[in-house]
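What the coordinates show
Each chain, letter by letter, is given below.
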Amino acid sequence: MTLSLVGMPGGGKSTVGRLLARQLDMPFVDSDAEIEKDLGGESIKDYFARQGEASFRDLESRVIARLLEGAGTDREMILATGGGAVLREINRERLKANSTVVYLRSSPEELFRRLKHDTQRPLLQVANPLAKLRDLYGQRDPLYRRCAHFVLESSRPSVHGLANMILMQLELAGLIDPARVAATVGASEAPYTSGNDRSAS
């Protein structure tokens, strides 16, 4: 099974994805981290400033296509995508066709609370980040929903609680062995933080 997490910046994709990968003993891949590898260590923020958003989206599409190649066979992976990955129709199609997509949904206000001190996300380096988040949410929420198989609210009290909800949804849909879920649900919970969720876009 390949599981892809989509959602707004700060929605918990990388944080929850890492936990799910540990719980299920599956590889975790962050598409933004893979992009930075392709850039030879240059940050997405710097590339964004130097080349612009269109060039970044081209690169993002190529990386997502590469990561999903072979998905749906015997390959297992938890994939956290950048917040703007759904802007390209080809990305939405690839994600939906080659993986099970979970949309971690948060309100702009909740995202602002998590991200107001973050300086690493290019699209939020503006005078009014909350207004920008509301604009991005209005544009992207329908696109996340269009490619998602499941939509879950990510404003939960803990990462473990959200991860367990995802596992139970996958079990109910017959996408994962119930024994695998039983081995992970009920683990000790940790408070939610978005500090390690560094999707830049």
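Report on the accompanying structure. (Residues numbered from 1 in each chain as written. Predicted model: local features only at pLDDT ≥ 70, side-chain atom pairs only at ≥ 80, totals over all residues. Heavy atoms only, no water.)

Quick word on the packing of helix α2 (residues 31-38) against helix α4 (residues 53-68)
Here is the rule we go by: Note on method: axes are straight lines fitted to C-alpha atoms, helices fitted across the in-contact stretch only, with angles between N-to-C directions ranging 0 to 180 degrees. Secondary structure elements follow DSSP: runs of H or I no shorter than four residues count as helices, runs of E no shorter than two count as strands, and numbering proceeds from the N terminus. The cut-offs work like this: below 35 degrees is roughly parallel, past 145 is roughly antiparallel, 65 to 115 is roughly perpendicular, and the gaps in between are oblique. Note on definitions: a residue-residue contact is assigned when non-hydrogen atoms from the two residues lie within 4.5 Å. For this classification, the nonpolar set comprises Ala, Val, Leu, Ile, Met, Phe, Trp, Tyr, Cys and Pro, the charged set comprises Asp, Glu, Lys and Arg, and every other residue, Gly included, is treated as polar.
It is at 10 Å that the axes of α2 and α4 come closest, and there the two elements cross at 110°. Classed by the angle they form, the pair α2 and α4 counts as roughly perpendicular. Along its contact with α2, which presents Ser-31, Asp-32, Glu-34, Ile-35 and Asp-38, the element α4 presents Phe-56, Leu-59, Glu-60, Val-63, Ile-64, Arg-66 and Leu-67. A per-class count over the contact of α2 with α4 returns six nonpolar, one polar and five charged.

Quick notes on the pattern of salt bridges
What counts here: In the sections that follow, a salt bridge refers to a side-chain nitrogen of Lys or Arg positioned within 4 Å of a carboxyl oxygen of Asp or Glu. To sort residues, take the accessible area from a 1.4 Å probe on protein chains only and compare it with the maximum for the residue type: under 20% means buried, over 50% means exposed, and anything in between is partly exposed.
Applying the stated rule across the entire model yields 13 salt bridges. The partner of Arg-105 in a salt bridge is Glu-153, and the shortest N-O contact between them spans 2.7 Å. Taken together, the residues span a long stretch of sequence, with Arg-105 in strand β4 (residues 100-105) and Glu-153 in strand β5 (residues 150-153) at a distance of 48 residues. Classification of Glu-153 by relative accessible area gives partly exposed; the value is 31%. Put simply, Glu-34, Lys-37, Asp-38 and Arg-66 are held in one network by salt bridges that share partners.

Details of unusual backbone geometry
With phi around 55°, Asp-25 is a residue other than glycine that occupies positive phi space. Within the secondary structure, Asp-25 sits in the loop between α1 (13-24) and β2 (28-30). Owing to a relative accessible area of 70%, Asp-25 belongs among the exposed residues under this scheme.

Some details on the pairing of β4
For a regular strand, side chains alternate in direction, first toward one face of the sheet and then toward the other. Put simply, the test is: Strands are treated as partners if at least two bridges between them are detected by DSSP.
Counting buried positions along β4 yields five of six residues, so the element is predominantly enclosed. Here four bridges tie strand β1 (residues 2-6) to β4, and the two strands are oriented parallel to one another. Bridging from a neighbouring strand, Leu-3 pairs with Thr-100 of β4. Bridge count between β4 and β5: four bridges; the pairing is parallel. Considered in β5, the bridge of Val-102 is made with Phe-150.

Thoughts on the packing of aromatic side chains
Threshold: Two aromatic rings, drawn from Phe, Tyr or Trp (for Trp, its six-membered ring), form a pair once their centres lie within 6.5 Å of each other, and the interplanar angle then sorts them: stacked below 30 degrees, edge-to-face above 60, tilted otherwise.
Summed over all chains, the structure comprises two aromatic pairs. Plain terms: the ring middles of Tyr-103 and Tyr-144 are 4.8 Å apart, the flat faces sit at 35° to each other, and that makes the pair tilted. Residue Tyr-103 is found in strand β4, and its partner Tyr-144 is found in helix α7 (residues 129-147); the two are separated by 41 residues along the sequence. Residue classification places Tyr-144 among the buried positions, given a relative accessible area of 0%.

Some details on the nonpolar core
The following threshold applies: For our purposes a nonpolar core is just a set of buried Ala, Val, Leu, Ile, Met, Phe, Trp, Tyr and Cys residues, chained together by side-chain atoms within 4.5 Å.
Val-6, Met-8, Ile-35, Leu-79 and Leu-95 are the most contacted members of the largest nonpolar core, which totals 32 residues. When residues of this core are traced back to their parent elements, those giving at least two are α3 (44-51), α4, β3 (77-80), β4, α6 (108-115) and α7. For Val-6, the contacting residues outside a window of four places in its chain are Lys-13, Thr-81, Val-86, Leu-95, Val-101, Val-102, Tyr-103, Leu-104 and Tyr-144. Leu-3, Phe-150, Val-159 and Ile-176 belong to the second largest nonpolar core, which has 21 residues in total.

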